[in-house]
Structure formats: C-alpha cells, structure tokens
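# Examination of the molecular architecture
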Amino acid sequence: MEPTPDLRPLLKSLRVWDTELPVFDPATAPEAPLRLFAEWFAAAVAAGQSEPHTPTLATTDADGNPDARTVMLHGADARALHFASHADSAKGRQLAARPFAALHFYWPAQGRQVRLRGPVRTAPPEVAHADLHVRSTGALASALTGHQSAHLPSYDVLVRASEDAWARAEREPDAPVPSWTVYELLPREVEFFQGDARRRHVRLRYTEREDGAWAKELLWP
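What comes next is a walk through the structure. The numbering scheme is per chain: residues are counted from 1 as the chain's sequence reads. In view of the model being predicted, local features appear only for residues whose pLDDT reaches at least 70, and side-chain atom pairs are presented and counted only at 80 or more, with totals across whole chains, interfaces and linings using the full set of residues. The basis for every side-chain value is the complete set of heavy atoms in the structure, and neither hydrogens nor water enter the calculation.

## What to know about the side chain of Gln49
- Relative to the helices and strands, Gln49 resides in the loop between helix 2 (33-46) and strand 1 (56-60).
- What makes Gln49 buried here is its relative accessible area of 13%.
- The criterion used for residue contact is that any of the two residues' heavy atoms lie within 4.5 Å. With residues near it in sequence (within four places) discarded, Gln49 still touches Ala44, Trp107, Pro108 and Ala109. Note on conventions: DSSP H or I runs of at least 4 residues are helices, E runs of at least 2 residues are strands, and numbering of each starts at the N terminus. Here's how the labels work: a residue is buried when its accessible area is under 20% of the maximum for its type, exposed when over 50%, partly exposed in between, all with a 1.4 Å probe on protein chains only.

Below, the structure is given as structure tokens:
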C-alpha cells in the first residue's frame, strides 16, 4: 500500500494572517448583525479578498450526519442571506427534510470569519427564475444540464449533456429550470470573528431574542 505523506513539516511552514489586520471594537457594532455583515463584506471586497461571496454551507442528512460544501451568495437583505441550488440535489433534499443550516464565511485577507445559523425557507418560483436568468449563459447551461449530485456513468456523458445544455441556453436564454431553487437562510445566531496576531481574537455573537431584537455577547477565543 502506498504510504501516506507526512504533512506536518509543510503545515508548520505555513504562516497565518501574514498581513496587517484591522482592529474591531465590538462596542461600535450595530444592533442588527446583517448590517455588520454588509460592512464586513464590503471591507473584504475592498481588501482584495478572493471570492468573498463563496461561503461554506453546512446541512444535515436524514440520519443527522453533517454535510458541507462551498456555495455562492446570491443576495442578502435585512433579514436573510440567499443562495441557490437544484431542489433535487443533495443539499436540496437535505434542506427539504431538515430546513436548518449554517453558513461560514472566511476572509483571510483581514483575518475575519462570520458564522450564521438558522432556519431555511424557499423563495417563490418566480424569484428562482429571475435569479437564474440574470446570470451568465454558462450558469444557465449548468442548471439545464441538471442531475446535480446524481451518479455519473462517465465523463463523456457529462460532456455530451453539457454541450446540449449550452446549445439550448444560447438558443433559449429564458429557458425554465423547474428544479432551480433560491433558498433563504434566516439567521437566529451570528458570530463575527476578528483575528489578532497575538491570538487575542475578538468574537462577538448575536442571538435573536423572542421579541425579534438581538442580544450581543463576547466569547472567549
């Protein structure tokens, strides 16, 4: 059996946050977490963070086993964060059975993380249709290819299906994809993490109260 390489020397050689990090004073944080999220997101973009709009989405399957993958943030408002997928994909099936999830953003350019947890609901079909058709031809072709997470007999099958989907996307730019679904995560708990080179990390957690207002507390790093 081929030996597994020892990654410890490589791991020890890596530096973390080898840059000047911003200072975060939690006393200045707004009352609502998604306002602070918008501020941090804009700051990550301004800092040149690569793909700041691609968080990790965590869900659970029918047996309660966790699952995670990288998704793209499609929108955000004062109440929810939006992402999209096929309803018959693995994540779609998991969210249908257990409509609760977590999103995790990591922006190493500023040593920042944001963690959000809460229930997930589906947007109306017309919202999903509009979401898909303001995106690129490639995005539509990918959606039309379908079968996300299903068994693929061979790569050649994918190539043929993709070519057919591209042709249809170019021919019918408004082609419907009934399985395409926009999901809205309504956070009940949001944590903001600001890294510190001396490991005195600042962690601020918002928790939604029963009256709809937010409680804030600091956490030990």
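## A look at the packing of helix 5 (residues 137-145) against helix 6 (residues 155-171)
- The axes used here are C-alpha line fits, helices contributing only the stretch in contact, and every angle between their N-to-C directions lies in the interval 0 to 180 degrees. Running from N to C, helix 5 and helix 6 cross one another at 125°; their axes reach a closest spacing of 8 Å. Classed by the angle they form, the pair helix 5 and helix 6 counts as oblique. Along this stretch, helix 5 crosses helix 6, giving a crossing that reads as right-handed. Contacts from Thr137, Gly138, Leu140, Ala141, Leu144 and Thr145 in helix 5 reach Leu158, Ala161, Ser162, Ala165, Trp166, Arg168, Ala169 and Glu170 in helix 6.
- Along the lines of polarity and charge, the residues of the contact of helix 5 with helix 6 split into eight nonpolar, four polar and two charged. Just so you know how the angles are binned, under 35 degrees is roughly parallel, over 145 roughly antiparallel, 65 to 115 roughly perpendicular, and the rest oblique. By convention, the crossing between two helices is left-handed when the near helix turns anticlockwise from the far helix through less than a right angle, and right-handed when the turn is clockwise. We call Asp, Glu, Lys and Arg charged. Ala, Val, Leu, Ile, Met, Phe, Trp, Tyr, Cys and Pro are nonpolar, and the rest, Gly among them, are polar.

## Points about the pairing of strand 2 (residues 66-70)
- Note on pairing: two strands pair once DSSP finds at least 2 bridges between them. Pairing of strand 1 with strand 2 involves five bridges; the strand directions are antiparallel. Paired with Ala58 across the bridge in strand 2 is Ala68.
- Between the end of strand 1 and the start of strand 2, which pair antiparallel, lie five residues, with Gly64 showing a positive phi angle near 85°.

## Here's the deal with the pattern of salt bridges
- Salt bridges are identified by distance alone: a Lys or Arg side-chain nitrogen within 4 Å of an Asp or Glu carboxyl oxygen. In total, this model carries 14 salt bridges according to the counting rule given.
- Between Arg171 and Glu172 there is a salt bridge, with the nearest N and O atoms lying 3.8 Å from each other.
- Taking relative accessible area as the criterion, Glu172 reaches 31% and is therefore assigned partly exposed.
- Put simply, Arg209 and Asp211 hold a salt bridge, and the shortest N to O gap is 3.2 Å.
- Since its relative accessible area comes to 58%, Asp211 is described here as exposed.
- Each of Arg79, Arg188 and Glu208 takes part in a single network of salt bridges with overlapping partners.

## Points about the environment of Val182
- Mapped onto the fold, Val182 is located in strand 7 (residues 180-185).
- Sequence-wise, Val182 and Ala123 are 59 residues apart; in three dimensions their C-alpha atoms are separated by 5.5 Å.
- Among residues more than four places away in sequence, those in contact with Val182 are His82, Phe83, Ala84, Arg121, Thr122, Ala123, Val127, Ala128 and Asp131.

## Side note on unusual backbone geometry
- Even without a glycine there, the phi angle at Glu51 is positive, about 45°.
- As for its placement among the helices and strands, Glu51 is situated in the loop between helix 2 and strand 1.
- Glu51 gets classed as exposed once you look at its relative accessible area, which sits at 52%.
- For Arg199, which is not a glycine, the phi torsion comes out positive at approximately 65°.
- Tracing the chain through its elements places Arg199 in the loop between strand 8 (189-194) and strand 9 (202-208).
- Arg199 sits in the partly exposed class, given a relative accessible area of 47%.

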